[in-house]
Amino acid sequence: MPKIKINVKLCNKEEKREWNVVGIIQEKILKYKEDDTIVTLDYEKHILKRDNKELKMVYNFKKKQGTITIKENNQIIEIPIETKNIKRKGNDIRIEYQIEDEVFIYQVKEEK
């Protein structure tokens, strides 16, 4: 399981969040931790998962759908996603997507 240093950005019109972390790649799946959230990104299937104590989010950018599970009451919320653009080169990926009227950019860059 190779470890890589990555820079992760998640932004929208109002907010920009950024993390410099170490990730693990195994079978084309990147796994890393942002604060208290475990994140996995499947490079082949374009599925992003974010899991913490309160929520589990799964975004499938190929099928253009997402779910958020609220763990306290096991409530599942379906979210339509409009995938605008996906660019990948090696371990770097940039996904631009829209949920309702809000555009998000999720980006992972390997630090050399």
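Residues numbered from 1 in each chain as written. Predicted model: local features only at pLDDT ≥ 70, side-chain atom pairs only at ≥ 80, totals over all residues. Heavy atoms only, no water.

1. A closer look at the overall build of the protein chain
Right, so step 1: Assigned secondary structure in the protein chain consists of 0 helices and 11 strands.
Right, so step 2: Overall, the protein chain shows an N-to-C arrangement of helices and strands of β-β-β-β-β-β-β-β-β-β-β.
Right, so step 3: Against the globule reference of 13 Å for 112 residues, the protein chain gives a C-alpha radius of gyration of 14 Å, in line with a compact fold.
Right, so step 4: Once the C-alpha set of the protein chain is aligned to its principal axes, its extents read approximately 40 × 30 × 30 Å.
Right, so step 5: Within the protein chain, the fraction of its 112 residues that count as buried is 36%.
Right, so step 6: Look at the contacts in the protein chain between residues 6 or more apart in sequence, and 25% of them connect residues 24 or more apart. (Helix = DSSP H or I, 4+ residues; strand = E, 2+ residues; numbered from the N terminus. Rg over C-alpha atoms; globule rule 2.2 N^0.38 Å. Buried < 20%, exposed > 50% of the residue type's maximum accessible area, 1.4 Å probe, protein only. Contact = heavy atoms within 4.5 Å.)

2. Structural notes on the nonpolar core
Right, so step 1: Ranked by size, the top nonpolar core spans 26 residues in total, and within it L30, L41, Y59, Y97, Y106 and V108 carry the most contacts.
Right, so step 2: Mapped by element, the contributors of at least two residues to this core are β1 (3–11), β2 (16–26), β3 (29–34), β4 (37–42), β6 (55–60), β10 (92–99) and β11 (102–110).
Right, so step 3: Beyond its immediate chain neighbours, meaning those up to four positions away, L30 contacts I4, I6, G23, I24, I25, V39, T40, L41, Y43 and V108. (Core = buried A, V, L, I, M, F, W, Y, C linked by side-chain atoms within 4.5 Å.)

3. Let's talk about the packing of aromatic side chains
Right, so step 1: Under the defined criterion, the tally for this structure stands at 4 aromatic pairs.
Right, so step 2: Note on F61 and Y97: the rings are 5.0 Å apart at their centroids and 55° apart in plane angle, and the pair reads as tilted. On the criterion of sequence distance, the pair formed by F61 in the loop between β6 and β7 (65–70) and Y97 in strand β10 is long-range, its members being 36 residues apart. (Phe/Tyr/Trp six-rings, centres within 6.5 Å; stacked < 30°, edge-to-face > 60°.)

4. Structural notes on unusual backbone geometry
Right, so step 1: The phi dihedral of E27 is positive, around 50°, even though this residue is not glycine.
Right, so step 2: Position of E27 among the secondary structure elements: in the loop between β2 and β3.
Right, so step 3: The phi torsion at N74 lies on the positive side, around 60°, for a residue other than glycine.
Right, so step 4: Residue placement: N74 occurs in the loop between β7 and β8 (75–80).

5. Description of the environment of V39
Right, so step 1: For V39, the location among the structural elements is in strand β4.
Right, so step 2: For V39, a relative accessible area of 0% corresponds to the buried category.
Right, so step 3: Each C-alpha atom of the pair V39 and K56 lies 9.9 Å from the other, and the pair is 17 residues apart in sequence.
Right, so step 4: The contact partners of V39, leaving out residues within four places of it in the chain, are L30, K31, Y32, E34, L48, K49, R50 and Y106.

6. Observations regarding the sheet that holds β11
Right, so step 1: Pairing is antiparallel in the open sheet, where 11 strands are placed in the order β8-β7-β6-β5-β4-β3-β2-β1-β11-β10-β9. Where the open sheet ends on each side, the last strands, each with one partner, are β8 and β9 (82–89). Taken pair by pair, the neighbouring strands of this sheet meet at an average axis angle of 15°, ignoring direction.
Right, so step 2: Note: β10 against β11, 7 bridges, orientation antiparallel. Directly across from I93, in β11, lies its bridge partner V108. (Pairing = 2+ DSSP bridges. Axes fitted to C-alpha atoms, helices over the stretch in contact; angles between N-to-C directions.)

Just distances and angles here, no functional claims.
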